[in-house]
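Analysis of the macromolecular model
The residues making up each chain are set out below.
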Amino acid sequence: MSCQNATQEFNRRSQPGPKGRERTSEGAPAEEDVGTAFLENQLSVGDFVQIQRAFQPAEPRQTICMSREEFMQRMTEVVGWSTKEAYGELFDKVDVAQDGFINWDKLTSFMLLALYEKDEQAKATVAPQWKDLEFLPVKHKDTIQKVIFLRSSSRYLTISKEGLLGIWGENLKLQETLPITSDATKLKHLWVTSMVSLENVNKIAVAFTSKEICFYDLLSKEEFPCQYKLQGLKGAPVCMDYWYDPLDANESILSFGDITGKVQIISFTTALISLFERPASACEDEEATVTINWAELLSGRHKCCRTLAHKLHLGDWVRQVTYNASLDAIISSTTSSTNTVVMAWREKSKKHLRMTSFNIAQGINAFDYHSRLNLIATAGINNKVCLWNPYVVSKPVGVLWGHSASVIAVQFFAARKQLFSFSKDKVLRLWDIQHQLSIQRIACSFPKSQDFRCLFHFDEAHGRLFISFNNQLALLAMKSEASKRVKSHKKAVTGVLYNSVLKQVISSDVGSTVSFWMIDTGQKIKQFTGCHGNAEISTMALDANETRLLTGSTDGTIKVWDLNGYCHHTLNVGQEGAVDISHILVLKKAILVTGWDRAITVFRPQNFNQFFIQPEEWKGGIQHRDDILCAAFLPPQTLVTGSYDGEIVLWNSSTENAHYVLHPDYQWLPKIKTDTEPQKLLGAGRSHSTHPMADQTTLGACSFERDAECNHAVMTLCFLEARENIAATGGANLVSCGGSGYVRFWDTVKKQLLAEFLAHSGVGSIIMSTDKTNRYLATGDLDGWLKIWNIEEYCLNSSKSKLTRAPALIRSFRPHEDWISSLEMCELGGRWLVLSASADCSICVTDVCGVPVGVFGQAKHWQLENCFSLPKRDTNLMENKIQEKSIKEIPLLSKEELCLDPSEHSLLDKENKDSTYNVRPSEVINLGMKYKERNIYKKKSHNLYNGEVTQKSFSAFRSLSIGTLEELPPVHKPAFLLDPETYFREEPEEDRPQIPEVPSLCETLKAVFDEKNLFPKEILDRERRAKQLCQETSSEVKIKRNKKPL
């Protein structure tokens, strides 16, 4: 257990004596937990300080030891509470070896061990919290056979029986589907049975019912080819496993079992160089498939690998096989009751395998091994989950009862020492291994079916549990343990925008909810729910006047809203079904939409005369060879679009024609729309078109990048509009970011890459945003980290060589616990703020120096003038690793006035006069807060630094230079101190100037005061008539009162 946990446990009790221990009138303790009744659980920090002083010797090198009687007497006097018997019991627990004495080291060791066991027990008994079961939008038409995660590229792979490979991003967005069996005549007879990842060599191995195993290369830039095809197997392989040595990646083992009951192993010795030897007759083309016969491996012709096998499962299908390094053994299983689980290992002096087997009644469906607990868990057909010691085959060490149907999958939750089990009645259970108890039960809502195949895969690193039901794939994701974190939305936030007219922040989430927040206070003012039904809102945009909101959804539609929640139009992007809309770009005469398809979808607002709007033709046609992820526009007519393969296409928005294509590795000129395919130059990207092949060994064209050199996906594009004279200086005017954490600066005039630097390493793709003055650049990654860069002086001029030095890093911090989905920068009160939305359901507001403002949704509203009223030097800036030499003063920007031309109206406001929407100023909105009492900041209050930090330091005072004080020079007294009479003597009264007296009022008054000269004649006449009417009315009343009744 860490020292932090121990400290937290000690600090729970600040007062001496037992805390929370209530006593009855008789003095007996009230009912309480057994653990808390122990004396060691009731001692406070102050008590331990007193105990430590009692053990403190007079001399530094001495050690004080106490016997049982001494300890009881001394502790009763020092601590001052509890009984001698309680301290005697504590002494007996500490003195395990029964030496008859203890010292301070023994006592502290016992306490740390006790707290560690308590912490481990708390972890084991606490069940994880799960999000709602979510079905992923798969395109598999047959049973899903395998789900794997590629750590090198942060992607998931799914493969189904018909040979369709699904590629998923780390955010579980389906990026692409590729068929690995192209021959339609063989689809009914050729099935995929299993797939494994060979991560040390960046390959995958796929097993087929044709008794073949094909090895596909993941790093090929032009194709996704089959490098090796292993054929001639005696039986069709139905399960596979791969392991490699993390200390020596050349050593690896591929194990597989077939339908004849045979378990076979291929041990590679030079995996990084080559898995198999190429025959001399093979062509020089490295992309050509090398066919290898199994008989060649058995004969030992390939020196870089060797084979082993056993037939103990003879006659039964091998359901699962795995190699475990801690046991140095191959474990395999079948559904038979004899030789159900077999462990095979090889002794150094022998060529053949030695084996031992477990006989389990009725057989098992699956198993898993926990190396730290040294336990094998089996999923029994007889509804039982058994725990086995691998060295004891006679009987299990534990049996977990609770399932009412056959258990089909088990997997350990290694970090928590827990076990998942899934039964045929679609019930998921989580077990505490130590106590052998079920601590959680989840009934999964799958459709009813008598015949189904289920796949179970738990990604412990990401807390994701995948369960497949035939061709459906469900996700059960763990909730973050930080449940006290403020949440802005109930579900993951997908987008954030800033409305500068109303000074409001607009956010959306996967639950199709749109919320509006005040940037000044953080208060939510309105919320629209069910904007697209149950479909996720993937992106948003505002029109030019910021009076219309456009929301794009995974249902293939874009809706146009006013800010009161009324939907004016629905744009049908996916006419044939749901598509993933990645970006909406509102231009002066068109609305451009990008996403799943490689084409640009265009809507022209001048034709918005109906509620449902159909897309129009984009004249430029399809120029991208992969999904378009983002777009940007630079007035008057420069349009750029970025795709998943790293290509940036430059368009003329007026003619709608593409004129150039940029890529970090190549550039090329696109053909006009009449050409069927664009001109190929240095490289080729992935293609979504049909891939004709000769056989199943070659996959479609795919660029499956692993690192920064080949993963160039463009996630965000930003034009640096504030930079002037770029055409003359040759500086960068376009910024792109995305795959592998790189940020790139481009010159679209000269069509070249000027600079690139690694902003976030080892976290996959990133997103970014820049302010309107293009001084600051904010980047966010998948781990929730946010970095602020100063790009004001970065890449202003062209250079012959590509710049790889990073700009000045202002601040790096982590405002979120999950991946950052959207970034926006806004200016308010003379300060630039960063709005970051995340999948952890929160939206954070910080300034460009990392000073936190707040999280939308928090209970206490903020006031921006209070957040920055007393700026302080940020000492964390001195610890940035990138700026090793110095961190210069970075003054904040002054407030930039946004001037909107009142004559320029948005094209989306083309409505009838009766439905015209008038923007209400934010001061009119009644929020119940002191919103109208805002104070305007003075510019001088925003200076964050008064000087420069010239030396990197690791503590607050280490950089101070302290020396002897220099002697002061002699001080000369000023003249007014030497001769005070000359400067301070009193002047005689006759020399003083006489002050003239002020004349009295009666002497200066020229006319008599008359109110007729002060008021107009109309007011005086009206007052006179009113007095007359009042007098007449009062006289009539008096007359009536004086009349006597008859």
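In this text the structure is predicted, and so the values were computed from the model without any measurement.

**Quick look at the overall build of the protein**
A count of helices and strands for the protein gives 12 helices and 60 strands. Within the protein, buried positions represent 48% of all 1046 residues. Summarising the internal contacts of the protein: among those between residues at least 6 apart in sequence, 53% fall at separations of at least 24. In the structure as shown, the protein presents an accessible area of about 55,400 Å², 50% of it carried by carbon and sulfur atoms.

**Topic: the UniProt feature "repeat: WD" (unreviewed entry) in the protein**
Listed under "repeat: WD" (unreviewed entry) in the UniProt record, and renumbered for this structure, are residues 400-441, 486-527, 537-564 and 621-661. When the span residues 537-564 is considered, its composition is 0% helix and 64% strand, and the gap between its end C-alpha atoms is 18 Å.

**Brief notes about the packing of helix α2 (residues 45-55) against helix α3 (residues 68-79)**
Remark: α2 packs on α3, axes separated minimally by 10 Å, with the N-to-C direction vectors making an angle of 130 degrees. For the element pair α2 / α3, the angle class is oblique. The hand of the α2/α3 crossing is right-handed. Contacts between α2 and α3 pair D47, Q50, I51, A54 and F55 from the former with F71, R74, M75, V78 and V79 from the latter. When grouped by side-chain class, the residues that make up the contact of α2 with α3 number 7 nonpolar, 1 polar and 2 charged.

**Quick look at the nonpolar core**
Core analysis: the biggest nonpolar cluster contains 24 residues, and I213, F215, I266, F268 and F276 have the highest contact counts within it. Every residue in contact with F268, bar those within four places of it in the chain, is listed here: Y242, N250, E251, S252, L254, L275, F276, C304 and C305. In this structure, F71, M72, F91 and F110 belong to the second largest nonpolar core, which totals 22 residues.

**Here's the deal with α2**
Regarding α2, the residues found buried are D47, F48, I51, A54 and F55. Along α2, the residues classed as buried sweep out an arc of 115 degrees about the axis, all on the same side.

**Section: empty space enclosed by the protein**
To locate leftover empty space, one rolls a probe as large as a water molecule over the atoms. In this structure the tally under the stated criterion is 5 cavities of 30 Å³ or more. In this structure, the second largest cavity spans a volume of roughly 50 Å³. Lining the second largest cavity are G646, I648, P664, H712, A713, V714, S736, C737, G738, G739, R744 and W746. Elements supplying a minimum of two residues to the lining of the second largest cavity: β50 (734-738) and β51 (742-747). For the lining of the second largest cavity, the element with the most residues is β50, which contributes 3 residues.

**Structural notes on the sheet that holds strand β16 (residues 305-310)**
Strand order in this open sheet of 4 strands is β12-β13-β14-β16, and the pairing throughout is antiparallel. Each edge of the sheet is formed by a strand with only one pairing partner; in this case those strands are β12 (237-244) and β16. With strand direction ignored, the average angle separating the axes of adjacent strands in the sheet is 15 degrees.

**Describing the side chain of S421**
Note on placement: S421 falls in strand β26 (residues 418-423). For S421, a relative accessible area of 0% gives the class buried. Within the structure, the side chain of S421 is placed 2.6 Å from the side chain of H403, a separation counted as a polar contact. Side chain to side chain, S421 and W431 meet in a polar contact 2.7 Å long. Apart from residues no more than four positions distant in its own chain, S421 is found in contact with V385, H403, V407, A409, V410, V427, L428, R429 and W431.

**Observations concerning the pairing of strand β44 (residues 628-634)**
Remark: a regular strand shows side chains that alternate across the two faces of the sheet. β44 sits mainly inside the fold: 5 of its 7 residues count as buried. Here β44 hands over to strand β45 (residues 638-643) after 3 residues, the two strands then running antiparallel side by side.

**Quick word on the packing of aromatic side chains**
Per the counting criterion, the structure on display carries 28 aromatic pairs. For the ring pair F215 and Y228, a centre distance of 6.5 Å and an interplane angle of 80 degrees mean the geometry is edge-to-face. Of the two residues, F215 sits in strand β10 (residues 212-217) while Y228 sits in strand β11 (residues 226-231), which places them 13 residues apart along the sequence. Y228 shares its class with F215; the two are buried. Here the aromatic residues W130, F413, F420, F422, F456 and F458 are joined through ring pairs into a cluster of three or more. One residue, K106, lies across the ring of F101, its end atom 4.8 Å from the ring centre.

Cut-offs used in this document
- The written sequence of each chain sets the order in which its residues are numbered from 1.
- In keeping with the predicted nature of the model, local features appear solely for residues at pLDDT of at least 70, side-chain atom pairs appear and are counted solely at 80 or more, and the whole-chain, interface and lining totals rest on all residues.
- Hydrogens and waters are ignored; side-chain quantities use all the structure's heavy atoms.
- Numbering of helices and strands runs from the N terminus, with a helix taken as a DSSP run of H or I at least four residues long and a strand as a DSSP run of E at least two residues long.
- Throughout, exposure labels follow a simple rule: accessible area from a 1.4 Å probe, protein chains only, divided by the maximum for the residue type, with under 20% read as buried, over 50% as exposed, and the rest as partly exposed.
- Any pair of residues with heavy atoms lying within 4.5 Å of one another is described as a contacting pair.
- Accessible surface area values rest on a Shrake-Rupley calculation with a 1.4 Å probe, where residue burial reflects the displayed protein chains alone.
- UniProt positions are given in the numbering used here, feature names are shortened, and annotations may be inferred rather than shown by experiment.
- The axes are straight lines fitted to the C-alpha atoms, using for helices just the contacting stretch, and the angles between their N-to-C directions are given from 0 to 180°.
- In these notes the angle categories are as follows: under 35 degrees is roughly parallel, over 145 is roughly antiparallel, 65 to 115 is roughly perpendicular, and the rest is oblique.
- Here is the rule for handedness: rotate from the far helix to the near one, and if that takes an anticlockwise turn smaller than a right angle the crossing is left-handed, while a clockwise turn gives right-handed.
- Classes in brief: Ala, Val, Leu, Ile, Met, Phe, Trp, Tyr, Cys and Pro nonpolar; Asp, Glu, Lys and Arg charged; the others, Gly included, polar.
- Only buried Ala, Val, Leu, Ile, Met, Phe, Trp, Tyr and Cys residues count toward a nonpolar core, and they belong to the same one when joined by side-chain atoms within 4.5 Å.
- Throughout, the arc means the angular range of directions from the helix axis out to the C-beta atoms.
- Whether a set of points on the 1 Å grid over the protein atoms alone is a cavity depends on a 1.4 Å probe fitting there but being unable to get out, while an open set qualifies as a pocket with protein on both sides within 12 Å along at least five of seven lines; lining residues are those with an atom within 4 Å of a point.
- Grid points are joined across faces, edges and corners, and a volume is the space filled by probe spheres set on the points.
- When DSSP finds two or more bridges between a pair of strands, those strands are recorded as paired.
- The definition of a polar contact used here is a pair of N or O atoms within 3.5 Å, where within protein one atom must be able to donate a hydrogen and the other to accept one, and adjacent residues in sequence count solely through side-chain atom pairs.
- Each aromatic pair joins two rings of Phe, Tyr and Trp (for Trp, the six-membered one) with centres within 6.5 Å, and gets the label stacked for planes under 30 degrees apart, edge-to-face for over 60, and tilted for any other angle.
- As a reminder, the over-ring test applies to NZ of lysine and CZ of arginine, requiring each to be within 6 Å of the ring centre and within 35 degrees of the ring normal.

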